[in-house]
Amino acid sequence: MPIVKSLLENDLYKFPMWQTMLHKRPETLAEYEFVCRNTPAYPLADLVKDVQAELAHLYSLRFTDDELNYLAGLPFLKADFIGFLAGFRFQANYLQVSAESGQLRIRAVGPQIQIMNFEIFCLYIVSELYFRRFDPAVLLVEGRRRLHEKIAVLKTFAAEPALRHPFEFFDFGLRRRAWGAWQEEVVTTLQQTVPTLLKGTSNVYLAKQLGLTPIGTMAHEYVQSYQAHVRLRDFQRVALEDWAQEFRGDLGIALTDTIGMEAFLRDFDLYFAKLFDGLRHDSGDPFAWGEKAIRHYQQLNIDPNSKRLVFSDSLDISKAIALYRQFGGRIQLGFGIGTHLTNDLGVQPLNIVMKLMRCNGEPVAKLSDSPGKTLCQDAAFIAYLRHVFNHFV
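Each chain carries its own residue numbering, running from 1 in the direction its sequence is written. Note on the predicted model: pLDDT of at least 70 is required for a residue's local features to be given, and 80 or more for side-chain atom pairs to be given and counted; whole-chain, interface and lining totals, by contrast, use all residues. Only heavy atoms go into the side-chain values, all of them from the structure, while hydrogens and water stay out.

Caption draft 1: Summary view of the environment of Ile113. With respect to the helices and strands, Ile113 occurs in helix H5 (residues 112-115). Burial classes: relative accessible area under 20% of the type maximum marks a residue as buried, over 50% as exposed, and values in between as partly exposed (1.4 Å probe, protein chains only). According to the relative accessible area criterion, Ile113 is buried, its value standing at 11%. By definition, residues are in contact when any of their heavy atoms lie within 4.5 Å. If near-sequence neighbours (up to four positions away) are discounted, Ile113 is found in contact with Trp18, Met21, Leu22, Pro26, Phe84 and Phe88. Secondary structure counts use DSSP, requiring at least four H or I residues in a row for a helix and at least two E residues in a row for a strand, with both numbered from the N terminus.

This is how it looks when you write it as C-alpha cells:
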C-alpha cells in the first residue's frame, strides 16, 4: 500500500499557513531542503528509488469532496482557499530527489504556495521507508510495551489533585512517525485509555477519522518567509500582524523562536500580547522559557491565567508532567508530543527536517535557542541577522 493515504494526511498548521501565504504573499518563490541531523543505521541514499515511487503516488492525489467539506467546516479556513484546494495537485517538476556523495537529497524549488506542503509528506515517506528495513514484529512488541508504560504513568498522574489549569496533550508525531498504522494505533489507544488528557492530533486525516480536534497554528517557515518581504528589523511584527488580520482571533498561538525568545519578546508588545492567545515553545530550556513568558505578561499587566503556553520541543510524557507541575497553577498549558509517541520503538528515530532556505532568491534563517538547530546556507546573512536582533546564543 502507498504510504500517503490522503492529501489530508498533513499537519494542521500547514493549512492556515498555506491560506495566509495565498492571500498575503502569493507571488513568493521559495527553496526547501531536506536535512538529516543524526547518523542513520544505513545510508538514506539507498532509499532514492523508493522515495521517488512514493512521490509518484503523491502526485496522483487530489482532495476529495468529503475531505474538502471537512476542511470547510474548520472555521478559520475560507471559502476561496477551499476552492484553491479543490484544484490543487502536487507538481513533480518542483521537486528533485537524488543521491549525492552518499546522502539523500530532496530539494523543492518553485512558488511557495505550490511547494510548501511537500515538507511533511517527504519527511514521513522517508521515515517509514527507513523503518521498513527493520523487523516490524520486534518493533511492535517493544513499542506496545513502551506505550503501555506511558499510559500507566499518565493514569497515575491523572489521579493527582489538579492544579488551576488542566493538563492537556496532543499528538504531534506525524512527520517522524515509524509508520502510519503505528501512529493510528498509538493515537487510538490513547484516545480510549486517557480520553480526558488527549485533546487532539496535528494529523488532519487522523483527526477526521477518529473524531479528534485537529491541532496547530504556525511554524517557522511562515515567520521566516517575511525576512525576504519587508525590512528585516520588522519581519516578525509584520508576520504577526498579517496572521492576526487573516484569522481575526482564531489560531492565536504565536511561535517565539524564529530568532530566539528575547528578540521575539522585544517585538511582542502589549498590542500583540493582547491580540494573541498565547505562545509556543520549540527550542531552548522550556522551564526558563516559560518563566520568561509569564514575566513578560506580568510586566504588561496581563494576567497570565488568561493566556496559554504550548510546549512542543522534543517532549516526552515525563517532561510534560514536570512542566505542568511548574506552570499549571499560573497559566493555561498544552503539550504537543511527537516522536516520543509515534516512534519510540527501541530503534533511534531519524532526526529529519525539510526547511525553508531561500525566498525570492534571498536567504532566510531560523536562529534557534538550541545549539545545532540553526539552518541557513549563507553565513553572512546569519551574522547580519544576529547583529540586527542582538542574538548571539
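Caption draft 2: A look at the pattern of salt bridges. By definition, a salt bridge exists where a carboxyl oxygen of Asp or Glu is found within 4 Å of a side-chain nitrogen of Lys or Arg. This structure, assessed with the given rule, holds 30 salt bridges. For the salt bridge of Arg107 with Glu33, the shortest nitrogen-to-oxygen distance reads 3.1 Å. In this pair, Arg107 sits in strand E3 (residues 103-111) while Glu33 sits in strand E1 (residues 29-36), placing the two residues 74 residues apart along the sequence. Residue class for Arg107 comes out partly exposed when judged on its relative accessible area of 24%. Given a relative accessible area of 8%, Glu33 falls into the buried group.

Caption draft 3: Structural context of the sheet that holds E1. Note on pairing: two strands pair once DSSP finds at least 2 bridges between them. Taken in spatial order, the 5 strands of this open sheet run E2-E3-E1-E10-E11, and their pairing is antiparallel. The sheet is open, and its two borders are formed by strand E2 (95-100) and strand E11 (362-363), each paired with just one other strand. Inspection of the sheet shows E2 paired to E3 by 6 bridges, in the antiparallel sense. Residue pairing for E3: Ser98 is matched across the bridge by Arg105. To obtain each axis, a line is fitted to C-alpha atoms, and for helices this fit is confined to the stretch in contact; angles are then taken between N-to-C directions over 0 to 180 degrees. Docked against the sheet, helix H2 (residues 48-60) engages E2 and E3, running at close to 175° with respect to E2.

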